[in-house]
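Coordinate inspection notes
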Amino acid sequence: MGSNTEIAGASPVPDGTKAASVIPETDARTQRKTFSAYQHTIYMNGVRGVLPALTTNPNNWEAAAKAIMEPRDFDYAKGGAGAGETVQNNREAFQKWSIIPRMVRGNTERSLKVTILGQEWPSPVAIAPVGVNKIFHADGETGVARAAGALGIPYSLSTFASESPEDVAAAQDSTCKDGPAIRWLQLYWPQSVDQDVTRSILKRAKDAGYTALVITLDIFSMSWRPMDLDNAYLPLYKGASTALGFTDPVFRRKFRERFGHEVDEDVLKGALEWENTIFPDMAHSWHELEWLRQEWDGKILVKGIQHATDAELAVQAGVDGIIVSNHGGRQYDGAQGSLEALHEVALAVGDRTEVLFDSGIRTGADIMKALALGAKAVFVGRPVVYGLGARGEEGALHVLRCLLADLEINLAITGVCNVTDLRPDMLRRSV
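Residues numbered from 1 in each chain as written. Predicted model: local features only at pLDDT ≥ 70, side-chain atom pairs only at ≥ 80, totals over all residues. Heavy atoms only, no water.

**Quick notes on helix α9 (residues 195–207)**
The periodicity of an α-helix, 3.6 residues per turn, causes residues three or four places apart in sequence to face the same way. Over its 13 residues, α9 extends 18 Å from the first C-alpha to the last, a length consistent with the 18 Å expected when each residue adds 1.5 Å. The set of residues buried in α9 consists of Val197, Thr198, Ser200, Ile201, Leu202, Arg204 and Ala205. (Helix = DSSP H or I, 4+ residues; strand = E, 2+ residues; numbered from the N terminus. Expected span 1.5 Å × (residues − 1). Buried < 20%, exposed > 50% of the residue type's maximum accessible area, 1.4 Å probe, protein only.)

Pasting the structure below:
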């Protein structure tokens, strides 16, 4: 995006500062800038009397969303399992590590590019699979997908999405200008009795250009979430997270054969049946991945690993990647911060499979720390949700641009050339 581009929907400076002409930059410094050029865009818009439509402070995105969203929908986004200790520990884990800056490093030329599963990404950032986006803002998953497409950021679609995989794919493609959009499908793992539904979902995903499956391991039943319980609110039962099932021909046929009418005619009954399909309250075993491998010729990753032994078992089961994650603290309470598990997992299996990270990312510095501890890339969840809730697609795009600019600038000033150069010895752990 050019440095003289105005931020859509931004507000005039309150004191009525007169607009000034913006001179496009063409010098060598601008040529070297990529994501960090967003900083200059914001300052130049200030010369014209235009402020950002949403704060650039990551600590305030949550409050911005809370001020706009319906309370129970905001609580659903914010809430964690139990007393929220795992959510808190996710953030505190980052604060235990400090970056050691180095100076005079000759790092004028810098790159955020990484290669994941054989594909080059423009940055080490991807959209985490988050469901029910329509309850956060009418722009929904398609709005976030358009934001991701505009920046070349990979998008992971949740099984609990409120829009179909085909619509989300089309939205991401509509804004992606630099090569094919990268998108993955996150799958809550149906049992063998519903393998025909799974097979149908996999075919649809492949046809829509999803290149990898993300199998979530840490949820085969609902968790205890007091914020949602106090609101007596589960969006699933309102039909807000049923798009994948309600648009699937096999699921629809099975529902019709069992109940004698279309799923759309009784949303609650349909939602309960979809819940029983993907959350049967039955645990899986590693050997079941063999069936998925037979049905899916793309890459398979598992999400939810928090222990090196489980990582080793995942590699033995033939996965292509591991996402170190505790579901953002939404599934179980009293656990370690996800970052605490990362280095151990990376040391154990990082030379044999891709190790990625999720849970707790809020800043560019957080991304640097995760990469230094062994992740090849990270997933961002709640910050994007808060941007979406506050300002829709525009807010999601803004949050992503802020994170990437922050990362690139922090990388430069601390003396790092490329994100792939980050190593554990660039950090110091607090006692």
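**Remarks on the environment of Leu185**
Tracing the sequence through the fold places Leu185 in strand β8 (residues 183–187). With 29 residues separating them in the primary sequence, Leu185 and Val214 have C-alpha atoms 6.0 Å apart. Apart from the residues within four sequence positions on either side, Leu185 is in contact with Leu157, Ile201, Ala205, Tyr210, Ala212, Leu213 and Val214. (Contact = heavy atoms within 4.5 Å.)

**Here we look at the pattern of salt bridges**
Going through the model one piece at a time under the given rule, you end up with 25 salt bridges. Where Glu340 meets Lys96, a salt bridge forms, and the shortest distance between an N and an O atom there is 2.9 Å. Taken as a pair, Glu340 in helix α16 (residues 338–349) and Lys96 in the loop between α5 (85–95) and β3 (97–99) lie far apart in primary sequence, 244 residues in all. Residue Glu340 is classed as partly exposed on the basis of its relative accessible area of 24%. (Salt bridge = Lys/Arg side-chain N within 4 Å of Asp/Glu carboxyl O.)

**A few points about the pairing of strand β9 (residues 212–216)**
Taken residue by residue, a regular strand's side chains alternate between the two faces of the sheet. The element β9 is extensively covered by neighbouring structure, given that five of its five residues are classed as buried. The alternating pattern of β9 places Ala212, Val214 and Thr216 and Leu213 and Ile215 on opposite faces, both of which are buried. With four bridges joining them, β8 and β9 adopt parallel strand pairing. Directly across from Trp184, in β9, lies its bridge partner Ala212. Where the polypeptide runs from β8 across α9 and back to β9, its parallel neighbour, the crossover connection is right-handed. (Pairing = 2+ DSSP bridges. Right-handed = clockwise from strand over helix to strand, strands pointing away.)

**Brief notes about empty space enclosed by the protein**
In this structure the tally under the stated criterion is three cavities of 30 Å³ or more. Considering only enclosed or pocket space, the largest cavity measures out at about 480 Å³ in volume. In this structure, the largest cavity is lined by 32 residues; those nearest its centre are Pro129, Val130, Gly131, His327 and Arg330. Only α4 (71–78), β13 (378–380) and α18 (382–413) provide two or more residues apiece to the lining of the largest cavity. With three residues, α18 is the single largest residue contributor to the lining of the largest cavity. Quantified by volume, the second largest cavity comes out at close to 50 Å³. Lining of the second largest cavity is provided by Ile127, Ala128, Val130, Asn133, Val144, Tyr155, Val380, Gly381, Val384 and Val385. (1 Å grid on protein atoms, 1.4 Å probe; cavity = no way out; pocket = protein on both sides within 12 Å on 5 of 7 lines; lining within 4 Å. Points joined across faces, edges and corners; volume = space filled by probe spheres on them.)

**Structural notes on the packing of aromatic side chains**
According to the stated counting rule, one finds 10 aromatic pairs in the structure shown. On the numbers, 5.7 Å between centres and 80° between planes, the contact of Phe160 with Tyr188 is edge-to-face. Taken as a pair, Phe160 in the loop between β7 (155–157) and α8 (165–175) and Tyr188 in the loop between β8 and α9 lie far apart in primary sequence, 28 residues in all. Of the two residues, Phe160 and Tyr188, neither departs from the other in class, the shared state being buried. When the centroid spacing of 5.1 Å and the interplanar angle of 55° are considered together, the rings of Tyr188 and Phe279 count as tilted. In this pair, Tyr188 is assigned in the loop between β8 and α9 and Phe279 in the loop between α13 (267–278) and α14 (289–295), connecting sequence segments 91 residues apart. Counting every residue linked through ring pairs, the aromatic cluster contains Trp121, Trp184 and Phe379. (Phe/Tyr/Trp six-rings, centres within 6.5 Å; stacked < 30°, edge-to-face > 60°.)

**Some thoughts on the side chain of Ser325**
Positionally, Ser325 belongs in the loop between β11 (321–324) and α16. In this structure the side chain of Ser325 is engaged in a polar contact, spanning 3.4 Å, whose partner is the side chain of Ser359. With residues up to four places along the chain from it excluded, the contact list for Ser325 reads Asp218, Lys303, Gly304, Ile305, Gln306, Tyr332, Ser338, Asp358 and Ser359. (Polar contact = N/O pair within 3.5 Å; in protein donor to acceptor, adjacent residues only side chain to side chain.)

**Comments concerning a nonpolar patch on the surface**
A surface patch of nonpolar side chains, about 240 Å² in accessible area, is lined by Tyr237, Leu268 and Leu272. Among the structural elements, Leu272 can be located in helix α13. (Patch = residues over 30% accessible without salt bridge, like charges linked within 9 Å, V, L, I, M, F, W, Y side chains within 5 Å. Areas by Shrake-Rupley, 256 points an atom, 1.4 Å probe, with all protein chains shown as cover.)

**Remarks on the confidence of the model for the protein chain**
When pLDDT is low, close inspection of the predicted coordinates is not appropriate. Here the protein chain averages 92 in pLDDT, and 92% of its residues register 70 or above. Segment residues 1–32: pLDDT under 50, and 56 contacts once partners within four positions in sequence are set aside and those in other chains are kept. (pLDDT = per-residue confidence, 0-100.)

**Things to note about the packing of helix α15 (residues 308–316) against α16**
Where α15 contacts α16, the two axes come as close as 9 Å, and the packing angle between them is 35°. The two elements α15 and α16 meet at a crossing, and its hand is right-handed. Side by side, α15 and α16 meet where Ala308, Ala311, Glu312 and Val315 of the first sit next to Glu344, Val345, Ala348 and Val349 of the second. Classifying every residue of the contact of α15 with α16 gives six nonpolar, no polar and two charged. (Axes fitted to C-alpha atoms, helices over the stretch in contact; angles between N-to-C directions. Left-handed = near helix turned anticlockwise from the far one by under 90°. Nonpolar A, V, L, I, M, F, W, Y, C, P; charged D, E, K, R; others polar.)

**Points about the pairing of strand β10 (residues 299–305)**
With six of its seven residues buried, β10 lies for the most part within the structure. Bridge count for β9 against β10 is five bridges, and the pairing is parallel. Within β10, the residue paired with Ala212 across the bridge is Lys299. For β10 and β11, the ladder comprises four bridges, and the chain directions are parallel. Within β11, the residue paired with Val302 across the bridge is Ile322. Handedness of the crossover is the feature at issue here: the chain leaves β10, passes through α15, returns alongside β11, and the resulting connection is right-handed.

**Considering the packing of helix α12 (residues 249–259) against α13**
In the contact formed by α12 and α13, the axes pass within 11 Å of each other and the chain directions differ by 115°. Crossing handedness for the pair α12 and α13: right-handed. Between α12 and α13, the residues in contact are Phe251, Phe255, Arg258 and Phe259 and Lys269, Gly270, Glu273, Trp274 and Thr277, respectively.

**Quick notes on helix α7 (residues 140–151)**
Spanning 12 residues, α7 covers 18 Å between terminal C-alpha atoms, matching the ideal 16 Å at 1.5 Å per step. Burial within α7 is extensive, with 10 of its 12 residues counted as buried. Where α7 is concerned, the buried positions are Gly140, Glu141, Thr142, Gly143, Val144, Ala145, Ala147, Ala148, Gly149 and Leu151. Here the buried face of α7 lies against β6 (125–127), α6 (133–136), β7, α8 and α18.

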